[in-house]
Amino acid sequence: MRRLCVIPGDGIGAEVTPIAVAALRILLPELQTVEALAGWGCFVEHGCAVPERTLELMRECGAGLFGAVQSPAHAVPGYRSAILTLRQQLGLSVNLRPVRSRPGISPRPGIDLMILRENSEGLYIGREHMTSPDRAIAERQISRQACEILAQRAAQVARQRQTKRITLVHKANVLPLTCGLFRDTCRAVLEGQGLHAQIDERLVDVAALQLVEQPENFDLVVTTNLFGDILSDLASYWSGGLATAPSLNWGEGIALAEPVHGSAPDIAGSGRANPIAALLSAALLLRYHWSLPNEAARLESAVEGFLQEAGGVDFGTQTTERVTDGVLSRLGTLQG
Ligand code: NAD
Ligand code: IPM
Ligand code: MN
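Since we're looking at a predicted model, the values are computed, not measured.

Engineer: I'm lost on the overall build of the protein chain in this one. Help?
Structural biologist: Helix and strand counts for the protein chain come out as 11 helices and 12 strands. Scaling as 2.2 N^0.38, a compact globule of 336 residues should have a C-alpha radius of gyration of about 20 Å, and the protein chain matches this with 19 Å. Projected onto its principal axes, the C-alpha coordinates of the protein chain cover approximately 55 × 50 × 40 Å. When each of the 336 residues of the protein chain is scored for burial, the buried share is 54%. Within the protein chain, residue pairs in contact and separated by at least 24 positions form 74% of the contacts whose partners lie at least 6 positions apart. By element, 50% of the accessible surface of the protein chain is carried by carbon and sulfur atoms, the whole surface being about 14400 Å².

Engineer: Even after reading the chapter, I still don't get the pattern of salt bridges, so can you show me in this structure?
Structural biologist: Working definition: two side chains of opposite charge can pair if their charged atoms are close together. Enumeration according to the criterion identifies 21 salt bridges in this entry. The salt bridge partner of Arg-87 is Glu-258, with a shortest N-O separation of 3.1 Å. A residue pair is termed long-range when its members are at least 10 positions apart, and Arg-87 in helix α4 (residues 82-89) and Glu-258 in the loop between β12 (255-257) and α9 (276-289) qualify at 171 residues. Overall, Glu-258 belongs to the buried group, its relative accessible area being 5%. Among the salt bridges present, the one from Arg-102 reaches Glu-304, with a minimum N-O distance of 2.6 Å. Taken as a pair, Arg-102 in the loop between β4 (94-100) and β5 (112-118) and Glu-304 in helix α10 (residues 293-310) lie far apart in primary sequence, 202 residues in all. Residue Arg-102 is classed as buried on the basis of its relative accessible area, which comes to 10%. For Glu-304, a relative accessible area of 22% puts it in the partly exposed group. Salt bridges here are not isolated pairs; linked through shared partners, they connect Arg-183, Asp-184, Arg-187, Glu-191 and Glu-201.

Engineer: I tried to follow the site of ligand 1 on my own but got confused; where do I start?
Structural biologist: Taken together, the neighbourhood of ligand 1 is formed by 20 residues, with Ser-71, Glu-258, Gly-262, Ala-264 and Asp-266 sitting nearest. Val-69 places a polar main-chain atom, nitrogen or oxygen, 2.9 Å from an oxygen atom of ligand 1. Measuring from an oxygen atom of ligand 1, one finds a side-chain N or O atom of Asp-266 at 2.7 Å. Protein burial of ligand 1: of its 810 Å² of free accessible surface, 66% is covered by the chains. When its residues are assigned to classes, the shell around ligand 1 shows 11 nonpolar, 6 polar and 3 charged.

Engineer: Even after reading the chapter, I still don't get the site of ligand 2, so can you show me in this structure?
Structural biologist: In the neighbourhood of ligand 2, the contacting residues comprise Ser-81, Leu-84, Arg-87, Arg-97, Arg-117, Tyr-124, Asp-229 and Glu-258. One of the side-chain N or O atoms of Arg-87 is found 2.7 Å from an oxygen atom in ligand 2. Residues of the shell around ligand 2, tallied by class, amount to 2 nonpolar, 1 polar and 5 charged. Two domains share the shell around ligand 2, each providing at least three of its residues, namely domain 1 (1-97 + 240-336) and domain 2 (107-239).

Engineer: What should I look at first to understand the sheet that holds strand β10 (residues 220-223) in this one?
Structural biologist: By way of backbone hydrogen bonds, the strands of a sheet pair with one another, either parallel or antiparallel. In space, the 10 strands of this open sheet follow the order β2-β1-β3-β12-β11-β4-β5-β10-β8-β9, with mixed pairing throughout. Only two strands of the sheet have a single partner each, and these edge strands are β2 (32-35) and β9 (198-203). Between one strand and the next, the sheet's axes are offset by a mean angle of 25°, whatever the strand orientation. Examined bridge by bridge, strand β1 (residues 3-9) and β2 share 4 bridges and lie parallel to one another.

Rules behind the numbers
- Residues numbered from 1 in each chain as written.
- Chains lettered and ligands numbered in written order.
- Predicted model: local features only at pLDDT ≥ 70, side-chain atom pairs only at ≥ 80, totals over all residues.
- Heavy atoms only, no water.
- Helix = DSSP H or I, 4+ residues; strand = E, 2+ residues; numbered from the N terminus.
- Rg over C-alpha atoms; globule rule 2.2 N^0.38 Å.
- Buried < 20%, exposed > 50% of the residue type's maximum accessible area, 1.4 Å probe, protein only.
- Contact = heavy atoms within 4.5 Å.
- Areas by Shrake-Rupley, 256 points an atom, 1.4 Å probe, with all protein chains shown as cover.
- Salt bridge = Lys/Arg side-chain N within 4 Å of Asp/Glu carboxyl O.
- Near = heavy atom within 4 Å.
- Polar contact = N/O pair within 3.5 Å; in protein donor to acceptor, adjacent residues only side chain to side chain.
- Nonpolar A, V, L, I, M, F, W, Y, C, P; charged D, E, K, R; others polar.
- Domains from an automatic or database assignment.
- Pairing = 2+ DSSP bridges.
- Axes fitted to C-alpha atoms, helices over the stretch in contact; angles between N-to-C directions.

Here it is as structure tokens:
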């Protein structure tokens, strides 16, 4: 029996997750779901952004769907973005972020790339301190073990996608120890996998330019945590923007699907939240974690078919409703 822990979070997170759950229920009628708390609202009410119970439920289910959470712009003692705690506590060590041209919403066709982001370390270890009132230091951790896990996952994804080119993205000219260890470890693991793929590398600045100029030249991009964060937002332009960008936080026997976007306080409650990123994140859970490629393809086809017919998603105050109706009704008829 498959179980799913649903963590709606704040703002539009709570508006888009029920739609992705509805899609999963059509595809997997026996799916059991349980809801769990996390985020800023949870912190305000319960004094904790990720309650222990949420971690327990995630571990019990082994699979989750996260909406989005809000973070205040100023530091609040005891508060850290819930998604960071979930990634760290649950060993969700890599993050899959595909970018594909989609009919009606992409600036141009023919783009199909995957960013595989290290999800546990780099500048995200949260070690920042002031050495004086005028100097702040952040530490960046790169470990051989995390790079090996990332590269092994990259090899798995490369086989599944029949990847022709893997691009390691780093900044080893300035950070020879951390980025050097990342590049050398990933390369050694990937070269030992017998893949039919060219293993390439790029400095992150030129990779950013080339993702703008020639996104078709990228296939599987493997990079560190912060570079992956930035490049995945940039590359999401090609799929139609943040509202269409899915991701999967992926660990050993556990995964948490998560749209790349945030809680969008500017549109929360207005009916304008687009559920496509959440729906496509659920498809990643189906394909990569539950190994259900046919169900994943059905969900992706329902989204594509809807976009093809609608020619876009700018429906003003009816976006959530119209995308939901369009995709879920298609999913019903695509069944079997
Ligand atoms: P955001 O992604 O929430 O919004 C950026 C812009 O994109 C906004 O104009 C928003 O209306 C629009 N947008 C985003 N998702 C959309 C959707 N599904 N449909 C339609 N429009 C959409 O980023 P932000 O404004 O920088 O951050 C808002 C809050 O979200 C902050 O508190 C930030 O910390 C948090 N955040 C959380 C996550 C997460 O939980 N994974 C990710 C990013 C930002
Ligand atoms: C993302 C988000 C998070 C990150 C934030 C909300 C901590 O931007 O999932 O890309 O930086 O990883
Ligand atoms: Mn981000």
